[in-house]
Amino acid sequence: MLPMDMEWAKDGIDGELYLVQARPETVAVRESKHVIKEYRLTEKSEIRISGRAVGRKIAAGKVCMITDVGTLHEFRPGEVLVADITTPDWEPVMKTAAAIVTNRGGRTCHAAIVARELGIPAVVGTRDATECLRNGEAVTVSCAEGEEGHIYDGSLSYEIDELDVSKLKPAPIKIMVNIGNPEQAFQVSRLPCEGVRLARMEFIINEAIKIHPMALLHPQRLNESDRAQIAEVTGAYARPQDFFVQGLAEGVGTIAAAFYPRPVIVRLSDFKSNEYAGLFGGAVFEPEEENPMIGFRGAARYIHPDYAEAFALECEALRVVREVMGMDNIIPMVPFCRTPEEGRQVLASMAKQGLKQGDKGLQIYMMCELPSNVLLLAEFAELFDGFSIGSNDLTQLVLGVDRDSALLPRDFDERNPAVIKFLEMAIHEARRLGKYIGICGQAPSDYPQLAERLVKAGIDSISLNPDSVLPVTLKLTGMETSSQ
């Protein structure tokens, strides 16, 4: 039985859902379910242009500029197809391309869909690739460096690391992943991991919603022009705030579905006030703070009158994911909780919004990222079901170094003895209390040797960025990948 690529459409008149297209998913058929390939550039050059990455591969070739269907005959197999946008009648030529680059288009444009089906890298939405690149020049198209794809000057060398997951030795602890982009969820879910330790809610809000939740709840506080723009975006919804709830639920639900039934720990929004102000309409509702990093964020925000209504929307979205979509594998997690009293108030607010701890198996975790969290872990453990160490915030608050400071980058180091002592204190106390504890900060991804030390301390799980899962897992298991 072949995997199928299926497209659906909801009729705006009768409200029914229709299947409008179905075709075999050829990439899934060709690729082994047991072999994971990781592409990695071994040299760099000037980045000529960037856009949205489709896939996670790398390819090199000569640029062939296609302006319309009449110039398709100029294309040669193995070249990089560069165009303003592609159309279905180009597909016979696209099948022979090393990579595709377009000025226009997003994740669901024709070029992106065909590139996924063919299993070739594509960078879409570059805006002016047809002007920046020259016909016949050699370039390297890289989609292996995250959400942004780059076109490099020249034909660069790269390696492909292959891992046969069926032969992978069990890691000494649970390996999990950090993820924010729902578009990458199904691909990342193929990695050898136990689930998601950190799903970043703010990524979904920033990318899919873009509007401050309080602006949706109180559009009357905005100027006439901004109100009109919000009305245009949310016109199809019964309430403007439903746009927020549905967008957030769809994003979280996609990640939860990709990893089901493995656990997906969803961190509640952790924007700082200056970041919230950057959302559409946000400046009206956000304070101006001297140091937002240690200001109006996390648990304190959820229970504050200036944001409590918006927090209720976050809870509503998670309730939809659990109860309507049936994704009961999600575990909400509270960030930046300064005191046990804050924790109690947040839990009470969540229960009021339909996320009652213990109801239908619902667990609620807390980020352990403040010195107070480590020192008072026993008190916090009376409230929360488990913990996840946030090494970024913990490091800055133990060392007194702003993690965003460009002047003190060398002083921000998770391997500092003081930071390691706090990490080990948290792990030992959680184990004494019989509470689950993992780490979702950047440190294990950057420093595999620190990951080994956390394993020795007795941590239950380590969550890594997707590109670090294989190297850290292999280091912990003593295995190697095969390179091409």
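Above this text sits the structure in question.
Quick caveat, the model's predicted, so the values are computed rather than measured.

### As for unusual backbone geometry
Residue Pro261 follows Tyr260 across a cis peptide bond; omega there is 5°. When you line up the elements, Pro261 lands in the loop between α9 (240–259) and β14 (264–267). One non-glycine residue, Phe336, adopts positive backbone phi at about 45°. The backbone phi angle of Lys360 is positive, close to 55°, even though this residue is not glycine. Structurally, Lys360 is set in the loop between α13 (340–352) and β16 (365–368).

### A look at the pattern of salt bridges
Applying the stated rule across the entire model yields 21 salt bridges. Between Arg239 and Glu316 there is a salt bridge whose closest N-O contact spans 3.5 Å. Of this pair, Arg239 sits in the loop between α8 (224–234) and α9 while Glu316 sits in helix α12 (residues 308–324), placing them 77 residues apart in sequence. Residue classification places Arg239 among the partly exposed residues on the basis of a relative accessible area of 32%. Relative accessible area serves as the criterion here: at 22%, Glu316 is assigned to the partly exposed category. Residue Glu429 is joined to Arg432 by a salt bridge in which the shortest nitrogen-to-oxygen separation is 2.9 Å.

### Observations regarding the packing of helix α17 (residues 417–433) against helix α19 (residues 448–457)
Contact geometry for α17 and α19: axes closest at 10 Å, N-to-C directions at 30°. The interaxial crossing formed by α17 with α19 has right-handed handedness. Between α17 and α19, the contacting residues are Ile420, Leu423, Glu424, Ile427, His428 and Arg431 on the first element and Leu450, Arg453, Leu454 and Ala457 on the second. Along the lines of polarity and charge, the residues of the contact of α17 with α19 split into six nonpolar, one polar and three charged.

### Some points on the packing of aromatic side chains
All told, the structure shown has six aromatic pairs when counted by the stated rule. On the numbers, 5.7 Å between centres and 80° between planes, the contact of Tyr237 with Phe243 is edge-to-face. A relative accessible area of 25% means that Tyr237 is categorised as partly exposed. Their ring planes at 55° and their centres at 5.3 Å tell us that Tyr276 and Tyr307 sit as a pair that is tilted. Within this pair, whereas Tyr276 is found in helix α10 (residues 273–277), its partner Tyr307 is found in the loop between α11 (299–302) and α12, the two being separated by 31 residues in sequence. On the accessibility criterion, Tyr276 (0% relative accessible area) is buried. Aromatic ring contacts, followed pair by pair, group Phe271, Tyr276 and Tyr307 into a single cluster.

### Side note on the sheet that holds strand β13 (residues 196–200)
Spatially, β12-β13-β14-β15-β16-β17-β18-β19 is the arrangement adopted by the eight strands of the closed barrel, whose pairing is parallel. Each strand of the sheet is rotated relative to its neighbour by a mean of 30°, with strand direction disregarded. Across four bridges, the pairing between strand β17 (residues 386–389) and strand β18 (residues 436–439) is parallel. Its bridge partner being in β18, Ser388 is matched across the sheet by Gly438. The strands touched by helix α6 (residues 201–209) are β13 and β14; relative to β13, the strand with the most contacts, the crossing angle is about 30°. Set on the sheet, α9 makes contact with β12 (174–179), β13, β14 and β15 (330–334); between it and β14 the angle comes to about 160°.

### Looking at the pairing of strand β10 (residues 148–153)
In this sheet, β10 lies alongside strand β4 (residues 47–54) in antiparallel orientation, the contact comprising five bridges. Among the inter-strand pairings, Ile49 is bridged to a residue of β10, identified as Ile151. Across four bridges, the pairing between strand β9 (residues 138–142) and β10 is antiparallel. Bridge pairing links Val139 to Asp153 in β10. Hairpin remark: β9 followed by β10, antiparallel, with five residues in the connecting loop; positive phi at Gly146, about 110°.

### Structural notes on the sheet that holds strand β6 (residues 80–83)
Within the closed barrel, the seven strands sit side by side as β4-β8-β7-β6-β5-β9-β10. Their pairing is mixed. Here the average twist between neighbouring strands, direction ignored, is 35°.

### Re helix α20 (residues 466–477)
Here α20 is 12 residues long and its end C-alpha atoms lie 17 Å apart, about the 16 Å a rise of 1.5 Å per residue gives. Burial analysis of α20 places nine of its 12 residues in the buried class, the great majority of the element.

### A closer look at the pairing of β6
The alternating pattern of β6 places Val80 and Val82 and Leu81 and Ala83 on opposite faces, both of which are buried. One ladder, built from four bridges, connects β6 with strand β7 (residues 99–102); its direction is parallel. When the bridges of β7 are listed, Val80 appears paired with Ala99.

Rules used throughout
Residues numbered from 1 in each chain as written. Predicted model: local features only at pLDDT ≥ 70, side-chain atom pairs only at ≥ 80, totals over all residues. Heavy atoms only, no water. Helix = DSSP H or I, 4+ residues; strand = E, 2+ residues; numbered from the N terminus. Salt bridge = Lys/Arg side-chain N within 4 Å of Asp/Glu carboxyl O. Buried < 20%, exposed > 50% of the residue type's maximum accessible area, 1.4 Å probe, protein only. Axes fitted to C-alpha atoms, helices over the stretch in contact; angles between N-to-C directions. Left-handed = near helix turned anticlockwise from the far one by under 90°. Contact = heavy atoms within 4.5 Å. Nonpolar A, V, L, I, M, F, W, Y, C, P; charged D, E, K, R; others polar. Phe/Tyr/Trp six-rings, centres within 6.5 Å; stacked < 30°, edge-to-face > 60°. Pairing = 2+ DSSP bridges. Expected span 1.5 Å × (residues − 1).

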